[in-house]
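Here's the letter readout for the chains.
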Amino acid sequence: MKHETHNMTKIGNCNTTNAALIRWVEETMELCQPDRVYWCDGSEAEKEALTSEAVAKGVLIRLNPEKRPGCYYHRSNPNDVARVEQCTYVCTPTEDEAGPTNNWAPPADMYQKLHGLCRGAMQGRTMYVVPYLMGPLGSPLTKVGVELTDSIYVVLSMRVMTRMGKIAYEQLGESRDFNRGLHCMLDINAERRYIVHFPQDNAVISVGSNYGGNVLLGKKCLSLRIGSYLGRKEGWMAEHMLILGVESPQGEKTYVAAAFPSACGKTNFAMLVPPAHFKGWKVWTLGDDIAWMKPGPDGRLYAINPEAGYFGVVPGTNSQSNPNAVKTISRDAIFTNVALTSDLDVWWEGKDGDVPTECLDWRGNHWTPGCKSPAAHPNSRFAVPMTNNPVLAPEANDPNGVPISAIIFGARRAHTMPLVFEAFDWIHGVYIGATMGSEMTAAAVGGVGQIRRDPMAMLPFCGYNMGDYFAHWLKMRKLLKHPPRIFHVNWFRKDAHDKFMWPGFGENMRVLKWIVDRAHGRADAQETPLGWVPGPRTFDLTGIKNFSESTLEKLQAISLEEWRKEVMSQEELFLKLYPRLPKELIFQRELLISRL
Ligand code: OXD
Ligand code: MN
């Protein structure tokens, strides 16, 4: 169906008869006044045409087709390279619903302000209508979103990160129930940058940015902030978690979900290659960033990955840290803010092979190895379809999802936190997740290296009051007959010489194996004040290089002095959330203090 109103030129077919959608698109056209509207269908032909247009406009550079087939390069505005938490709002009807960890403004005032900024903002531009699914077609957990954007980079990235195009109309039908996301780049001015959520309206408005985490509205905005709000209302969970499947040599598959803060290795863990000693073991990726989880009819917790692609941090990716990611991004990837070499390939700090003698850095400036600043921005990213992943789990498209046997919380901590321990039970596990602290990374603007409380790695992503979020976690236990066991890991503990003690990456399989065995009730453990830890010789170290039992002891050591400080420093979060903090968590903290 061709759709024409208000003398504006439209191209592409709108492919939908959904009246609510058509009306909303028309209203937004009236507000933003684009010269043209383009309805995306998600086809290959469309991808070719839009990619050529993006190249012609200089938004993308085509990379060397011999070295990086199907890959493109993008540079963002240097003022726009990461998520901006200070510009991110959750505008629920009352401030209390958003809670003290979110920025809030009255929804009516915020709509007025944003509509003011968007008025006429697409003059001279095309407005793209991007329908998409978060989740596999036909899953009861899947949600439909539509993003209206004036960024061709966003359209091409959404095509990678979601199931985009006509397929979304199949799930939507004539329903009015879809996420309305509006994205206007404006002039990419940090002064006019707002990422605003209206969970009660299932709506998001993002202006003034073109950085993925702020503008690929299916990801952090719908899948986490709005998703967590809907999950609480509808009895499911939206979590900042990777999902993986561990397959034993006998073919037993165990599914694990793990929450680590941004840029703390979720993608690497999700694609882990077991060391040679683990002959016959295999790790499969379901997802690398987001899990939507719901109790199944058998009383287990079932998870889907709502995304269809990976938006991963590039620096440090190499054949030792993540050989599967190296293969995954060898084709069909959009690279943002890495360095560009003279033969039109990409380079980043920590890449395999030689450092180029010169290249263009992420800003487009001439760079040589003597330069002080890195060639690739520390938060440079790839966007790549999950189907490129050689260890993509076939279950990634299963509408029923996979049953989760273990949940892992992980943090980046130079001190205090042992390599691994297991919660005594679900409530204790919720307390461990709720009090997670981690060193900040380049994924968000500001404070890199500082420790902050990041409950369940959801601090920047929880779409409602964090105290209510903890209560929701506690309530979920009542809906589960067979709850997953809960663990905490820390790959980043350092010794007195400031060196990481644990080799990490593939060797994390050793920790994962213990977790899997515990989940099946077959591995030995010892009780400590923090929880269960691997019993003597339970932890399999065969074949590990340059690592001794005594280092393992140091990694697992519990320093009473450090833990007293740790428990004291939890006070700040607890006081902040106190009015809505479940009393169970206060009790858990008291229990820990008495055990210590
Ligand atoms: C991400 C993030 O991009 O957490 O996944 O910032
Ligand atoms: Mn993330």
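As shown above, the structure is provided for reference.
Described below are features of the structure shown in this document. Each chain carries its own residue numbering, running from 1 in the direction its sequence is written. Lettering for chains starts from A, numbering for ligands starts from 1, and both go in the order in which the items are written. Confidence filtering applies because this is a predicted model: local features only for residues at pLDDT of at least 70, side-chain atom pairs given and counted only at 80 or more, and all residues used for totals across whole chains, interfaces and linings. Hydrogens and waters are ignored; side-chain quantities use all the structure's heavy atoms.

**As for the overall build of the chain**
Helices and strands together make up the secondary structure of the chain, namely 16 helices and 31 strands. The C-alpha atoms of the chain give a radius of gyration of 24 Å, which matches the 25 Å a tight globule of 596 residues would have. Projected onto the principal axes, the alpha-carbon positions of the chain cover approximately 75 × 55 × 45 Å. Taken over 596 residues, the chain has a buried fraction of 61%. Under the scheme used here, helices are H or I runs from DSSP no shorter than 4 residues and strands are E runs no shorter than 2 residues, and both carry numbers assigned from the N terminus. In this treatment the radius of gyration is a C-alpha quantity, and the globule benchmark scales as 2.2 Å times the residue count to the 0.38 power. Any residue under 20% of the maximum accessible area for its type is buried, any over 50% is exposed, and the rest in between are partly exposed; the area is computed with a 1.4 Å probe on protein chains only.

**Concerning the sheet that holds strand E3 (residues 61–62)**
On the basis of which strands lie adjacent, the open sheet formed by five strands has the order E3-E4-E19-E24-E18 and mixed pairing. The sheet is open, and its two edges are formed by E3 and strand E18 (309–313), each paired on a single side. Relative to strand E24 (residues 381–385), E18 runs antiparallel, the two sharing five bridges. Looking across to E24, one finds that Phe311 is bridged to Ala383. DSSP-based pairing: two strands are paired if at least 2 bridges between them are found.

**Some remarks on helix H15 (residues 560–577)**
Compared with the 26 Å implied by 1.5 Å per residue over 18 residues, the 26 Å span of H15 between its first and last C-alpha is a close match. Along H15, the residues classified as buried are Trp563, Glu566, Val567, Gln570, Leu573, Phe574 and Leu577. Among the structural elements, helix H11 (426–434), strand E28 (451–453), helix H12 (466–478) and helix H16 (583–595) are those in contact with the buried residues of H15. Given a helix with a known number of residues, its expected span is that number minus one, times 1.5 Å. Working rule for contacts: check all heavy atoms of both residues, and any pair within 4.5 Å makes them a contact.

**Considering the pattern of salt bridges**
A pairing counts as a salt bridge when a side-chain nitrogen of Lys or Arg comes within 4 Å of a carboxyl oxygen of Asp or Glu. Throughout the structure, instances matching the rule amount to 32 salt bridges. A salt bridge links Glu53 to Lys57, with the shortest nitrogen-to-oxygen separation between them at 2.8 Å. The shortest N-O distance in the salt bridge between Asp96 and Arg580 comes to 2.0 Å. Separated by 484 residues along the polypeptide, Asp96 in helix H3 (residues 95–98) and Arg580 in the loop between H15 and H16 bring together distant segments of the chain. One network of salt bridges, in which partners are shared, links Lys219, Lys220, Lys266, Asp289 and Glu307.

**Quick word on the nonpolar core**
Membership of the largest hydrophobic core comes to 114 residues, with the highest contact counts inside it found for Met293, Phe335, Ile407 and Trp473. With eight residues, helix H5 (residues 152–161) is the single largest residue contributor to this core. Leaving out residues up to four positions away in the same chain, Phe335 has contacts with Leu63, Arg68, Cys71, Tyr72, Tyr73, His74, Val314, Ile329, Val346, Trp348, Arg381 and Phe382. As used in this record, nonpolar core signifies buried Ala, Val, Leu, Ile, Met, Phe, Trp, Tyr and Cys residues forming a set joined through side-chain atoms within 4.5 Å. Core analysis: the next-biggest nonpolar cluster, separate from the first, contains 38 residues, Cys14, Ala105, Met110 and Tyr194 among them.

**A short note on the packing of aromatic side chains**
Ring geometry is summarised as follows: Phe, Tyr and Trp rings, the Trp one being its six-membered ring, pair when their centres sit within 6.5 Å, and such pairs are stacked at plane angles under 30 degrees, edge-to-face over 60 and tilted between the two. Counted by the stated rule, this structure contains 21 aromatic pairs. A ring pair is formed by Tyr89 and Tyr194, whose centres lie 6.1 Å apart and whose planes are at 50 degrees; its orientation type is tilted. Residue Tyr89 is located in strand E5 (residues 88–90), and its partner Tyr194 is located in strand E10 (residues 194–198); the two are separated by 105 residues in the primary sequence. Since its relative accessible area comes to 18%, Tyr89 is described here as buried. Site record: aromatic cluster; members linked through ring pairs are Phe260, Phe269 and Trp491.

**Concerning the site of ligand 1**
Any residue with at least one heavy atom within 4 Å of a molecule or strand is counted as near it. Near ligand 1 the following residues occur: Arg83, Lys219, Lys220, His240, Ser262, Asp289, Phe311, Arg381, Ala443 and Phe461. Between N or O atoms, a polar contact is any pair within 3.5 Å; within protein, one atom must be a potential hydrogen donor and the other a potential acceptor, and residues adjacent in sequence are included only when both atoms are from side chains. In the environment of ligand 1, an oxygen atom lies 3.3 Å from a nitrogen or oxygen atom belonging to the side chain of His240. Within the contact set of ligand 1, an oxygen atom lies 2.5 Å away from a side-chain nitrogen or oxygen of Ser262. Burial of ligand 1 by the surrounding chains reaches 96%, relative to a free accessible area of 210 Å². For cavity detection a 1 Å grid was placed over the protein atoms alone, and a set of points counts as a cavity when a 1.4 Å probe fits there but cannot get out; an open set counts as a pocket when protein lies on both sides within 12 Å along at least five of seven lines, with lining residues being those that have an atom within 4 Å of a point. Being in a pocket or cavity means that more than half of the molecule's atoms lie within 2 Å of its grid points. If you map ligand 1 onto the pockets, it falls in the largest pocket. For accessible areas, the Shrake-Rupley method is used with a probe of radius 1.4 Å. Any residue's cover is judged against the shown protein chains and nothing else.

**Here's the deal with the pairing of E24**
Of all five residues in E24, five are buried; the element is thus mostly enclosed. A two-sided burial pattern is seen for E24, the buried positions comprising Arg381, Ala383 and Pro385 on one face and Phe382 and Val384 on the other. In this structure, strand E19 (residues 334–336) lies alongside E24, joined through three bridges in antiparallel fashion. Counterpart to Phe335 in the pairing with E24 is Phe382.

**A few points about unusual backbone geometry**
The phi dihedral of Asn15 falls on the positive side, at around 60 degrees, and the residue is not glycine. If you trace the backbone, Asn15 turns up in the loop between strand E1 (9–11) and helix H1 (19–32). Backbone geometry at Leu344 places phi at a positive 60 degrees, although glycine is not the residue there. Along the chain, Leu344 falls in the loop between strand E20 (339–340) and strand E21 (346–347).

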